[in-house]
Amino acid sequence: MKNTIKKLALVGLIALPTTAIAGVSSTVTATSDYTFNGVSQTDNKPALQASLDYAADSGWYVGSWASNVDFGSADDTWLELDFYVGKYFQLNDRVSFDTGIAYYTYHGDDASDEYQYPEAYAKLGYSSSIGESELNFWYTWDYFGTDAGHYIMMAAHTFTLAEGHDIRVSVDRSTSKDINKFAWEGDESYNHFRAEYMTNLKGFDFNLAVEDTSMEMDTADTRVVLSIARTFDF
């Protein structure tokens, strides 16, 4: 299928809420490369992204997220527009749980509508004296419109170097349940590793990441990604 190797589920691209702070907010992000699970969604080029979110005191939230994309010269798809709804649970002082449904849409090419698909996700968080740990899971029964089941499992940990200076390390594995419909370089799965430094300066969030995958293609090789974001509360 055209460009299936280039596309990886968004989930990560969505900045899912990690707290149950109520209100409307929007985040605008400029990044040197829009990657998810180590695969470039912009053919190794920069991206401009924006979200609009509403979170209620009860933990329910709903939002949308958009980014430019580039799946190669044979495809004119240029816009990804996603929607999601979920609920955040603070189970106790240390444990949180976040679950919901996302829907990914694509625009710009005659075939873009065929790529749309839903996805369910769940995130378990644990706070301790050594930082914030996460176990994340995503599943879709129609990955990128191919009618193939697909899931992603991720483990991550964030620790603080000093106040306002954090390091996050993560490892994840993406797996297709039907390689006859969707495969990663002919295989059912691949691994992705990422380490990132995060800080805030004058209201801007800075993220400098190094990542790599077990695949050999040029849109999933070792790279450094710099992102700058600003969140507005209404």
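The structure displayed is predicted, hence computed values, not measured ones.

For the protein, the count of helices and strands is zero helices and 14 strands. Across the protein, helices and strands are ordered from the amino to the carboxyl terminus as β-β-β-β-β-β-β-β-β-β-β-β-β-β. Taking 17 Å as the expected radius of gyration for a compact globule of 234 residues, we find that the protein reaches 17 Å, a close match to that expectation. In terms of principal-axis extent, the alpha carbons of the protein reach across some 45 × 35 × 30 Å. Scored against the burial criterion, the 234 residues of the protein give a buried share of 48%. Accessible area of the protein: about 11,300 Å², with a carbon and sulfur share of 59%. Separation of charge centres in the protein, based on 15 positive and 35 negative side chains, amounts to 3 Å.

Attention shifts here to the sheet that holds strand β5 (residues 60-68). Spatial strand order, β1-β4-β5-β6-β7-β8-β9-β10-β11-β12-β13-β14: 12 strands in a closed barrel with antiparallel pairing. Neighbouring strand axes in the sheet, compared pairwise and without regard to direction, differ in orientation by 20° on average.

Across soluble globular proteins, you tend to see nonpolar side chains buried next to one another. One finds Tyr106, Phe144 and Met215 to be the most contacted residues of the largest nonpolar core, which totals 30 residues. Mapped by element, the contributors of at least two residues to this core are β4 (47-55), β5, β6 (79-90), β7 (95-107), β8 (117-128) and β10 (150-162).

What follows deals with the pattern of salt bridges. Side chains that differ in charge, positive against negative, can pair when their charged atoms come close. In this structure the tally under the stated criterion is nine salt bridges. Two residues, Asp70 and Lys45, come together in a salt bridge whose shortest N-O distance is 3.6 Å. On the criterion of sequence distance, the pair formed by Asp70 in the loop between β5 and β6 and Lys45 in the loop between β3 (39-40) and β4 is long-range, its members being 25 residues apart. The residue Lys181 makes a salt bridge to Asp147 at a minimum N-O spacing of 3.2 Å. With Lys181 in the loop between β11 (165-176) and β12 (189-201) and Asp147 in the loop between β9 (131-140) and β10, this residue pair connects regions lying 34 residues apart in the sequence.

Once that is clear, we can look at the pairing of β11. Where β10 lies against β11, 12 bridges are found, and the strand directions are antiparallel. Residue Met154 lies in a different strand from β11, and its bridge partner there is Asp172. Across 11 bridges, β11 lies against β12 in antiparallel orientation. Directly across from His165, in β12, lies its bridge partner Thr199.

On the surface, a cluster of nonpolar side chains totalling about 1,200 Å² of accessible area is made up of Val24, Val28, Leu48, Leu52, Tyr54, Trp60, Val62, Val85, Ile101, Trp141, Phe232 and Phe234. Looking at the nonpolar patch, the elements that each hand over two or more residues are β1 (23-31), β4 and β5. With three residues, β4 is the single largest residue contributor to the nonpolar patch. The residue Val24 is located in strand β1 in this model.

Here the focus is a negative patch on the surface. Side chains of Glu185, Asp187, Glu188 and Glu216 sit close together on the surface and give a patch of like negative charge. Take Glu185: it is sitting in the loop between β11 and β12.

Below, the discussion takes up the side chain of His157. Summarising the element assignment, His157 is placed in strand β10. Residue His157 is classed as buried on the basis of its relative accessible area, which comes to 17%. With near-sequence residues (within four places) excluded, His157 lies in contact with Ile130, Gly131, Glu132, Ser133, Ile167, Arg168 and Val169.

In this section: the packing of aromatic side chains. Geometry of an aromatic ring pair is reported as the spacing of the ring centres plus the angle between the planes. Summed over the entire model, instances satisfying the criterion amount to 17 aromatic pairs. Through pairs of rings, three or more aromatic residues link up here, namely Tyr104, Tyr117, Tyr143, Phe182, Trp184 and Tyr190. Directly above the aromatic system of Phe204 lies the positively charged group of Arg230, at a separation of 4.7 Å from the ring centroid.

Below, the discussion takes up the confidence of the model for the protein. Mean pLDDT for the protein: 92, with 91% of residues reaching 70 or above. Counting interchain partners and residues more than four positions distant, the pLDDT-below-50 stretch residues 1-20 has 85 contacts.

Conventions we followed
Residues take numbers from 1 onward in each chain, read along the sequence in its written order. Selection of residues for local features in this predicted model requires a pLDDT of at least 70, selection of side-chain atom pairs for listing and counting requires 80 or more, and totals for whole chains, interfaces and linings are taken over all residues. Excluding hydrogens and water, the side-chain figures rest on all heavy atoms present in the structure. Per the convention used, a helix needs a DSSP run of H or I reaching at least four residues, while a strand needs a run of E reaching at least two, with both numbered from the N terminus. A radius of gyration in this sense is built from C-alpha atoms; the matching globule rule multiplies 2.2 Å by the number of residues raised to 0.38. When accessible area is computed with a 1.4 Å probe and restricted to protein chains, residues below 20% of their type maximum are described as buried, those above 50% as exposed, and intermediate ones as partly exposed. The Shrake-Rupley method, run with a 1.4 Å probe, gives the accessible areas here. Residue values count only the displayed protein chains as cover. Lys and Arg are tallied as positive, Asp and Glu as negative. Neither His nor the chain termini are counted. Note on charges: their place is set at NZ of Lys, CZ of Arg, CG of Asp or CD of Glu. Strands were regarded as paired on the criterion that DSSP finds at least two bridges between them. Axes here mean lines fitted to C-alpha atoms, for a helix over just the part in contact, with angles spanning 0 to 180 degrees between N-to-C directions. Take the buried Ala, Val, Leu, Ile, Met, Phe, Trp, Tyr and Cys residues and link them wherever side-chain atoms come within 4.5 Å; each set so joined is a nonpolar core. Salt-bridge detection follows one rule: a side-chain nitrogen of Lys or Arg within 4 Å of a carboxyl oxygen of Asp or Glu. Patches here: salt-bridge-free residues with over 30% relative accessible area, like charges joined within 9 Å, nonpolar side chains (Val, Leu, Ile, Met, Phe, Trp, Tyr) joined within 5 Å. Here, two residues are considered to be in contact whenever any of their heavy atoms come within 4.5 Å of each other. Only centres within 6.5 Å qualify two rings of Phe, Tyr or Trp (six-membered ring in Trp) as a pair; their planes then separate them into stacked at under 30 degrees, edge-to-face at over 60, and tilted for everything else. Placement of a positive charge over a ring is assigned whenever Lys NZ or Arg CZ falls within 6 Å of the ring centre and within 35 degrees of the normal to the ring plane. Values of pLDDT, ranging from 0 to 100, describe the predictor's confidence in every residue of the model.

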